[in-house]
Amino acid sequence: MNQQVIIFSDLDGTLLNHKNFSFEEILFFFKKISKKTIIIFNTSKTFSEVKKICSDYSLHNPFIVENGSAVFIPKKLKLILSKKLESQDEYYKLVLGSNLDDLIKFTNLRKCYRFISKCSFLHKMNTKKLKESTGLSNSILMNSTKRDFSLPFLWNGTKDLILEFSSFVQNYNFKILKGGRFYHLIGNVDKGKAMKEILGIYSNTFDKNFISISLGDSPNDVAMLEISDYSGIVKPFSNKKLKLKKNKNVFYSTIIAPKGWEQVLKMMPPIKKIN
Ligand SMILES: [Mg+2]
């Protein structure tokens, strides 16, 4: 049977450099690989952010946003979908996470008050307050606050209380993710579950043997790194080494993004074959 490689890649710190958010340095390799494999971005970024990157680099593949909250599939691809999906722009949208309305409704529950009173939610701050508390520029703020499946917040309570809050939200099928500066209240999703959905769609559509590769640099990538055939860990800028339970076909780059992306892929037998 024909073999086809699918690469699921995180963006920030994995493909994109943590400082300039660019991967121009490895553009030649990226373009070459994108012609021979299917590259699927699997990121904490939002729909509008990922859509822009895909159009900038003429990539017409599905992608996964907000830590596995939703999968977007270009209508043009004519993939076989087992259920009827919503439509957004030129994509079909498969929602795996929780919509904003449900998240906000939850935060208004009386039972939540003792936790919520310690949260400063980004969607409730005015621009001045946002800039003061985040130190971010206007354009970055626009992108980091405009989320469809998660509520970012700053925490003003104790460490013990946030732990309690984290286990409390599980009763409602939500979870709390710790980002760099913010916490996120988000549906019970992860990048691995979303990756499985896309693999399922591809194997339903094509009579091919798919080999999955996942690439990541931080704890929110672990769920996909654990279940792919080949797993590549790009050296994190923070230097905190990621540990996986699986140990077969796991590769580590010795350099950070974007060069680490190229380096770790080149170590993998299915890429060596086609490169
Ligand atoms: Mg990352």
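Refer to the structure presented above.
The rules behind the values
- Residues numbered from 1 in each chain as written.
- Predicted model: local features only at pLDDT ≥ 70, side-chain atom pairs only at ≥ 80, totals over all residues.
- Heavy atoms only, no water.
- Helix = DSSP H or I, 4+ residues; strand = E, 2+ residues; numbered from the N terminus.
- Rg over C-alpha atoms; globule rule 2.2 N^0.38 Å.
- Buried < 20%, exposed > 50% of the residue type's maximum accessible area, 1.4 Å probe, protein only.
- Contact = heavy atoms within 4.5 Å.
- Donors = N, O, S within 2.8 Å, 3.2 Å for Na, K, Ca; no water.
- Core = buried A, V, L, I, M, F, W, Y, C linked by side-chain atoms within 4.5 Å.
- Phe/Tyr/Trp six-rings, centres within 6.5 Å; stacked < 30°, edge-to-face > 60°.
- Lys NZ or Arg CZ within 6 Å of the ring centre and 35° of its normal.
- Pairing = 2+ DSSP bridges.
- Axes fitted to C-alpha atoms, helices over the stretch in contact; angles between N-to-C directions.

## Some words on the overall build of the protein chain
Okay, so step 1: Secondary structure assignment for the protein chain yields 11 helices and 13 strands.
Okay, so step 2: Taking 275 residues into account, the globule formula puts the C-alpha radius of gyration at 19 Å, and the protein chain, at 19 Å, falls close to it.
Okay, so step 3: Each of the three principal axes of the protein chain carries a C-alpha extent, and together these read 55 × 40 × 35 Å.
Okay, so step 4: Out of the 275 residues belonging to the protein chain, those deemed buried represent 49%.
Okay, so step 5: If you take every contact in the protein chain between residues at least 6 apart in sequence, the share linking residues at least 24 apart comes to 59%.

## Quick notes on the coordination of the magnesium ion
In ideal tetrahedral geometry, four donors around a metal make angles of 109.5 degrees, whereas ideal octahedral geometry with six donors gives angles of 90 or 180 degrees.
Okay, so step 1: Taken together, Asp10 (OD), Asp12 (O) and Asp217 (OD) make up the protein donors of the magnesium ion, found 2.2 Å from the metal.
Okay, so step 2: Linear spacing of the donor residues for the magnesium ion on their chain is D-x1-D-x204-D. Of this pair, Asp10 sits in the loop between strand E1 (3-9) and helix H1 (27-36) while Asp217 sits in the loop between strand E11 (209-216) and helix H9 (222-227), and the two are 207 residues apart along the sequence. Grouping residues by exposure puts Asp10 and Asp217 together as buried.

## A closer look at the nonpolar core
Okay, so step 1: The biggest cluster of nonpolar side chains holds 36 residues, and the ones touching the most others in it are Ile7, Leu15, Phe41, Phe63, Ile213, Trp261 and Leu265.
Okay, so step 2: Looking at this core, the elements that each hand over two or more residues are E1, H1, strand E2 (38-41), helix H2 (47-56), strand E3 (63-65), strand E4 (70-74), E11 and helix H10 (259-266).
Okay, so step 3: Counting residues in hydrophobic clusters, the runner-up holds 19 residues, among them Phe121, Trp155, Phe165 and Ile176.

## Some thoughts on the packing of aromatic side chains
Okay, so step 1: Summed over all chains, the structure comprises 24 aromatic pairs.
Okay, so step 2: Ring plane angle 70° and centroid distance 5.8 Å describe the contact between Tyr202 and Phe210, whose orientation is recorded as edge-to-face.
Okay, so step 3: Relative accessible area serves as the criterion here: at 4%, Tyr202 is assigned to the buried category.
Okay, so step 4: Three or more aromatic residues link up through ring pairs in this structure, and these residues are Phe106, Phe115, Phe121, Phe153, Trp155, Phe165, Phe168, Tyr172, Phe174 and Tyr183.
Okay, so step 5: The ring of Tyr252 carries Lys241 above its face, with NZ or CZ at 4.6 Å from the centroid.

## A look at the pairing of strand E10 (residues 183-187)
Okay, so step 1: Counting buried residues in E10 gives 5 out of 5 residues, a clear majority hidden from the surface.
Okay, so step 2: One ladder, built from 4 bridges, connects strand E8 (residues 150-155) with E10; its direction is antiparallel. Counterpart to Phe153 in the pairing with E10 is Tyr183.
Okay, so step 3: In this sheet, E10 lies alongside strand E9 (residues 174-178) in antiparallel orientation, the contact comprising 5 bridges. Looking at the pairing, Leu177 lines up with His184 of E10.

## Here's the deal with the sheet that holds E10
Okay, so step 1: Sheet architecture is open: 4 strands sit in the order E7-E8-E10-E9, paired in antiparallel fashion. The two strands at the open ends of the sheet, each matched to only one other strand, are strand E7 (119-121) and E9. Between one strand axis and the next, the sheet turns by 35° as a mean value, whatever way the strands run.
Okay, so step 2: Taken strand by strand, helix H3 (residues 100-107) contacts E7, E8, E9 and E10, and its axis lies near 40° from that of E8.

## With respect to unusual backbone geometry
Okay, so step 1: In this model, Ala257 is joined to Pro258 through a cis peptide bond whose omega is 0°.
Okay, so step 2: Its place among the elements puts Pro258 in the loop between strand E13 (250-252) and H10.
Okay, so step 3: Unlike most non-glycine residues, Phe21 shows phi in positive territory, near 50°.
Okay, so step 4: Mapped onto the elements, Phe21 comes out in the loop between E1 and H1.
Okay, so step 5: Overall, Phe21 belongs to the partly exposed group, its relative accessible area being 46%.
Okay, so step 6: A positive phi angle, near 60°, is found at Asn67, a position not held by glycine.
Okay, so step 7: By the element assignment, Asn67 lies in the loop between E3 and E4.
Okay, so step 8: By relative accessible area, which is 9% here, Asn67 ends up buried.

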